[in-house]
Every structure is written in C-alpha cells, then in structure tokens.
Protein chains: 2
Amino acid sequence: RPGLAVAMAAAAAGLALAMAARRWRRRPVREVLFFPSPPSCTEALLAEAAEPGSPARPCPCPLPRSDCSLSRLLRRLLSARRSLEICLFAFSCPQLGRAVRLLHRRGVRVRVVTDAQYMGLRGSQIGLLRHAGIQVRHDQGHGYMHHKFAIVDRRMLITGSLNWTTQAIQTNRENVLVVEDAEYVKPYLDEFERIWEEYNPTNYRFL
Amino acid sequence: RPGLAVAMAAAAAGLALAMAARRWRRRPVREVLFFPSPPSCTEALLAEAAEPGSPARPCPCPLPRSDCSLSRLLRRLLSARRSLEICLFAFSCPQLGRAVRLLHRRGVRVRVVTDAQYMGLRGSQIGLLRHAGIQVRHDQGHGYMHHKFAIVDRRMLITGSLNWTTQAIQTNRENVLVVEDAEYVKPYLDEFERIWEEYNPTNYRFL
C-alpha cells in the first residue's frame, strides 16, 4: 500500500518539523545562583556594558576574573533593554549599583523600592541612585520592606534570599532564582505596582 | 482507500488520547504567596493534620479562619509524606513550628539547617524542634546562613524572602514562591546536602 506509506512518512516529517521548531525557539532562562560568591573582578563586564565594542582597558586589580554568581547576576541585570523594577530590603553592593546606574543612562526605565530604615545606612547605594536621577520609593517604617527581587523587561524575575550587599554576596549562604515565565513574573510585577503606588511620596505622612 | 482512512483515524485517536493523558496528569504546583498575611486562626488546619478525620473542636479564639498566605504555606508543608528539608535563617513562628513537629511525629524525615546566631534568640522554635527529636544543624558563624527555603518530598521547593517568624508573616512585605519542578528543586536539594555535610557536628571547632 504505497498510499499509507506516503501518509505515514508525511506525518513523521511533520512531527519532526514541529519538534525542531520547538527546539529552535529560544529556551526561557531558568537559573539558580548560590552564594557566597568569591571576590572577583567585574570591571571588564561593566566596562563592556558601558561602552560596547570599545577596547577593554585591562584592570590592574589582583582579583580573578572568573565566572561567578555575582558576574552571572550582573549579566542578567545588564540584559535589560526597556525596564527594570527593583524591590530590595538592602542595597549597598557597588558593582550592582553601578550596573543599575548604567542601565538608567542607557535609557532603561529603572524604578527602585527599598526599606526606609536601611536605605540611609553607611554604604547604601540608594543616595547614588537618586543622585543619578533614578526614581526611588520607600516604606514608612511599619514592618520591613523585606522583598529581594528584580524584574527585567517585564519578562524575567530575579528573586531569592540575597540582599544586594557585598557582605551577603561574599560571606553569606544565599540563593537567587532566575525565572523567565509569565506565570511567576506577573504576580511579582503586580506586587511591585501595588507597592509603588502605596509608597508614592504624596502618601508620606512623616509621622 | 479504506486502509489509509483507518490508519488516519487510528493516528487521530492516538493523538487525542495522548493529549488527554497530558491534561489528566496532575498539574505541577506553581504558586506565589505575598505577605504580610493578616492574623488568622490556623487551629482547624493543624488539628485536622494531627488527627485526620476526627471531629474538629471549634477554636474559641476571635481570629478569622479565612484562607491566607500563612494557611497556604502551612498546607504546602503539611502535604509532606516522606521528607522535609528546611534551611532557614530565623524560625520562630509557633504555627509553622507545630506543623514541622507534627510531620516528624507522622514519620516524615525532617532535617533542619539554621543560623547559629539566630537559633538561640527568644521565641526561636529550634529548641522545641530538637526537643521533639528533630535533627538540626547550624553554621559556625562565618557570615549568615541566610537561606529561607524548604523542600517537600524531594519534589516541591518553597523559597523566597520570608523567614518563618510571626513578625515577618504579619508585618513585613515578603514573598514566597512554590515550585514543583525538578530543574529548580535539584540544585536546592544539592545545596542542602552540601550544607548538611559541612555543618555536621563532627566538624564543629568551637572557636
């Protein structure tokens, strides 16, 4: 029965095509990062992001340039093209602060929510972010704004136990999960917008 | 060509069956919980878990019994049948402590990793867990053991910003993500086993 053989061959070819198309589609990012991350030099990574294509000046510092959880986190953030929402209890890591300012300069819409009691501590990056023109809002001190998440281009969620501090990155046991999946991104985006409105400065009561 | 028609009908039936089987398979748990969670009574939930099927004694407390982020988190934990790994910076919430002891009594293999500096604070559940015979290990104070995750039956990951404290649950802005997906569960399980070995009491140096 040649007709049956032809039909089966056609069906098999169709199935193979469908499977190949599935594989060609870019696989969504799914990554888990653990800390502590050993001290490392992220200069080349940040310089390249600031001036893509320009020859990298070699950094004179003695730290290794190896791939690590911090450099991976930086790469995920630096992939932002349109928007970045950040919701962080504590933010004092200079490299991450530099990356966020860099994105702002590049035209990415950056919004930051943080905790009122921690934003003024020594080493906090919040002042530098505001100085650079980035919008920052904070709670009014009823409980902690204890989230530690970021959303890149409304499609990638970065969340976990990690505050963006050098102490946490280099010495604590921490985890960060990266998920590119609307089912998880959507509720975090909604939570961000709720907090963003609630912490609108016009609502500050200066109790 | 009746042969071809039969073959195509068979193929279509096979495809329909495969699609139905996909749908019948239990959908993996994917949940996001936000806090603060309003004070609520979890007595019925815990009593039912302790003695399934027994008539629930009505709790005299005035708190609402409504569904909330805490009751959802409790339900996820209480679904454990074989094993529960917990890796928590701070653990002082009485309801969550009670749930963990209940699982231990039910024969679930419970292992807890926590932070040395926080486990002795007032209200900590760690002493009660150890008293109940649950294995607990802790760091030796170099940096914080700052994780906040749990793994149920080696298949469900519960992770986020939330420490299991009443203060965090009732007053902080917090998030918890529940993922039933081997690609995420596996690295967290591996991290737990690494920490579990590193914090083996035979390694304590009492510096």
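Residues numbered from 1 in each chain as written. Chains lettered and ligands numbered in written order. Predicted model: local features only at pLDDT ≥ 70, side-chain atom pairs only at ≥ 80, totals over all residues. Heavy atoms only, no water.

To be explicit about the condition: UniProt positions are given in the numbering used here, feature names are shortened, and annotations may be inferred rather than shown by experiment.
Where an unreviewed UniProt entry is consulted, chain A appears under the name Mitochondrial cardiolipin hydrolase, with the organism given as Eolophus roseicapilla. A UniProt comment under Sequence similarities (unreviewed entry) is attached to chain A, and it reads "Belongs to the phospholipase D family. MitoPLD/Zucchini subfamily."

Quick word on the pairing of strand 6 (residues 156-160) of chain A
All names here are of chain A. Going by this rule: Only protein chains enter the calculation, and the probe is 1.4 Å; a residue is then buried if its accessible area is under 20% of its type maximum, exposed if over 50%, and partly exposed in between. Put simply, DSSP H or I for four residues or longer makes a helix, DSSP E for two residues or longer makes a strand, and each gets a number counted from the N terminus. At least two bridges found by DSSP between two strands are what make those strands a pair.
Counting buried residues along strand 6, 5 of its 5 residues qualify, which places the element largely inside the surrounding structure. Of the two faces of strand 6, the one holding Met-156, Ile-158 and Gly-160 and the one holding Leu-157 and Thr-159 are both buried throughout. When strand 5 (residues 148-152) meets strand 6, the two strands line up antiparallel, connected through 4 bridges. Paired with Ile-151 across the strands is Leu-157, a residue of strand 6. A loop of 3 residues connects strand 5 with strand 6, the two strands running antiparallel in sequence, and Asp-153 in this loop sits at a positive phi of about 50°. Taken together, the 4 bridges between strand 6 and strand 7 (residues 174-179) define a ladder with antiparallel strand orientation.

What about the interface of chain B and chain A?
Test applied: In this description, contact between two residues means that some pair of their heavy atoms is separated by no more than 4.5 Å. Put simply, buried area is the surface a 1.4 Å probe can reach on two separate parts but cannot reach once they are joined, added for both. Whenever a carboxyl oxygen of Asp or Glu lies within 4 Å of a side-chain nitrogen of Lys or Arg, that contact is scored as a salt bridge.
Contacts between the two partners involve 43 residues from chain B, matched on the other side by 43 residues from chain A. Taken together, the two surfaces of chain B and chain A that pack against each other cover about 3300 Å², and 52% of this comes from carbon and sulfur. Of all residues in chain B, the largest losses of buried area upon contact with chain A belong to Phe-34, Arg-173 and Tyr-184 of chain B, amounting jointly to 24% of the total for that side. Taken together, the connections running from chain B to chain A amount to 10 salt bridges.

Looking at the sheet that holds strand 2 (residues 83-88) of chain B
Inclusion rule: Orientation is described by lines fitted to C-alpha atoms, with helices fitted over the stretch in contact, and by angles between N-to-C directions that extend from 0 to 180 degrees.
Taken in spatial order, the 7 strands line up as 1-7-6-5-2-3-4 (chain B) in an open sheet, and their pairing is mixed. Strands with a single pairing partner mark the edges of an open sheet, and in this sheet they are strand 1 (30-35) and strand 4 (135-138) of chain B. In this sheet, adjacent strand axes meet at a mean angle of 10° when their direction is disregarded. Pairing analysis gives 5 bridges linking strand 2 of chain B to strand 5 (residues 148-152) of chain B, with the strands arranged antiparallel. Bridge assignment links Glu-85 of chain B to a residue of strand 5 of chain B, and that residue is Ile-151 of chain B. Sitting on the sheet, helix 8 (residues 182-198) of chain A is in contact with strand 1 and strand 7 (174-179) of chain B, with an inclination near 15° to strand 1 of chain B. With respect to the sheet, helix 3 (residues 69-78) of chain B is in contact with strand 1, strand 2, strand 5, strand 6 (156-160) and strand 7 of chain B, its orientation differing from that of strand 1 of chain B by roughly 140°.

Digging into empty space enclosed by the protein
Our working definition: Note on definitions: the grid is 1 Å and covers protein atoms alone; a cavity is a set of points where a 1.4 Å probe fits but cannot get out; a pocket is an open set with protein on both sides within 12 Å along at least five of seven lines; lining residues have an atom within 4 Å of a point. Grid points are joined across faces, edges and corners, and a volume is the space filled by probe spheres set on the points.
Taken as a whole and assessed by the stated rule, the structure comprises 3 cavities of 30 Å³ or more. In this model, the largest cavity occupies a volume close to 40 Å³. Lining the largest cavity are Lys-148, Phe-149, Ala-150, Ile-158, Thr-159, Gly-160, Ser-161, Leu-162, Trp-164 and Val-176 of chain B. Mapped onto the lining of the largest cavity, the elements with two or more residues apiece are strand 5 and strand 6 of chain B. Lining the second largest cavity, in full, are Leu-73, Lys-148, Phe-149, Ala-150, Ile-158, Thr-159, Gly-160, Leu-162, Trp-164 and Val-176 of chain A. Mapped by element, the contributors of at least two residues to the lining of the second largest cavity are strand 5 and strand 6 of chain A.

Quick word on unusual backbone geometry
Peptide bonds are trans in most cases, and residues, glycine excluded, mostly fall at negative phi. Residue and element names in this part refer to chain A. Here the residue pair Phe-35 and Pro-36 is connected by a cis peptide bond, since its omega of 10° sits within 30 degrees of zero. Looking at the secondary structure, you find Pro-36 in the loop between strand 1 (30-35) and helix 2 (43-50). Positive phi values are uncommon outside glycine, yet Asp-153 reaches one of about 50°. Mapped onto the fold, Asp-153 is located in the loop between strand 5 and strand 6. Of the residues examined, Asp-153 reaches a relative accessible area of 7% and is grouped as buried.

Examining the packing of helix 3 (residues 69-78) of chain A against helix 4 (residues 94-105) of chain A
All names here are of chain A. Test applied: Each angle receives one of four descriptions, namely roughly parallel if under 35 degrees, roughly antiparallel if over 145, roughly perpendicular if within 65 to 115, and oblique otherwise. Crossing handedness is read from the near helix: turned anticlockwise from the far helix by less than a right angle, it gives a left-handed crossing, and turned clockwise, a right-handed one.
Taken N-terminus to C-terminus, the directions of helix 3 and helix 4 make an angle of 15°; their axes are 10 Å apart at the nearest point. Between helix 3 and helix 4, the angle falls in the class roughly parallel. Relative to helix 4, helix 3 is oriented so that their crossing is right-handed. Within the contact between the two elements, helix 3 uses Leu-70, Leu-73, Leu-74, Leu-77 and Leu-78 and helix 4 uses Gln-95, Leu-96, Ala-99, Leu-102 and Leu-103.

Overview of the pattern of salt bridges
All names here are of chain B. This model, assessed by the stated rule, comprises 32 salt bridges over all chains. A salt bridge links Glu-180 to Arg-26; its shortest N-O distance comes to 2.8 Å. With a gap of 154 residues between them, Glu-180 in the loop between strand 7 and helix 7 (182-198) and Arg-26 in the loop between helix 1 (2-24) and strand 1 connect regions that are remote in the sequence. By relative accessible area, which is 56% here, Arg-26 ends up exposed. We note a salt bridge from Glu-85 to Arg-111, for which the minimum N-O separation is 3.1 Å.

What to know about the UniProt feature "domain: PLD phosphodiesterase" (unreviewed entry) in chain A
Under the feature "domain: PLD phosphodiesterase" (unreviewed entry), the UniProt entry names residues 141-168 of chain A. Overall, residues 141-168 of chain A shows 11% helix and 36% strand. The separation of its end C-alpha atoms is 23 Å.

Overview of the relation of the copies chain B and chain A
Selection criterion: The fit set for superposing copies consists of C-alpha atoms from residues with pLDDT of at least 70 in both; the fit itself is least squares.
Of the transformation superimposing chain B on chain A, the axial component is 0.4 Å and the angular component is 180°, with the fit at an RMSD of 0.8 Å. On this basis, the relationship between the two copies can be described by a two-fold rotation axis. Looking at the interface residues of chain B, 100% of them are also at the interface in chain A, so both copies use one shared face.

What to know about the side chain of Glu-85 of chain A
Residues and elements named next belong to chain A. As a reminder, the rule being used: Here a polar contact means two N or O atoms within 3.5 Å. Within protein one must be a hydrogen donor candidate and the other an acceptor candidate, and residues neighboring in sequence count only if both atoms are side-chain atoms.
Relative to the helices and strands, Glu-85 is located in strand 2 (residues 83-88). There is a polar contact of 3.1 Å between the side chain of Glu-85 and the side chain of Arg-111. For Glu-85, the residues in contact, after removing those within four places along its chain, are Arg-111, Phe-149, Ala-150, Ile-151, Leu-189 and Phe-192.

Details of the layout of surface pockets
To keep it simple, the criterion reads: When residues are sorted by character, Ala, Val, Leu, Ile, Met, Phe, Trp, Tyr, Cys and Pro go into the nonpolar class, Asp, Glu, Lys and Arg into the charged class, and all the rest, Gly among them, into the polar class.
For the largest pocket, the calculated volume is near 650 Å³. Forming the boundary of the largest pocket are 28 residues, of which His-146 of chain A together with Phe-89, Tyr-118, His-146 and Asn-163 of chain B lie nearest the centre. Of all elements in the fold, only helix 7 (166-171) of chain A together with helix 6 (166-171) of chain B reach the threshold of two or more residues within the lining of the largest pocket. Counted by class, the lining of the largest pocket contains 12 nonpolar, 13 polar and 3 charged residues.

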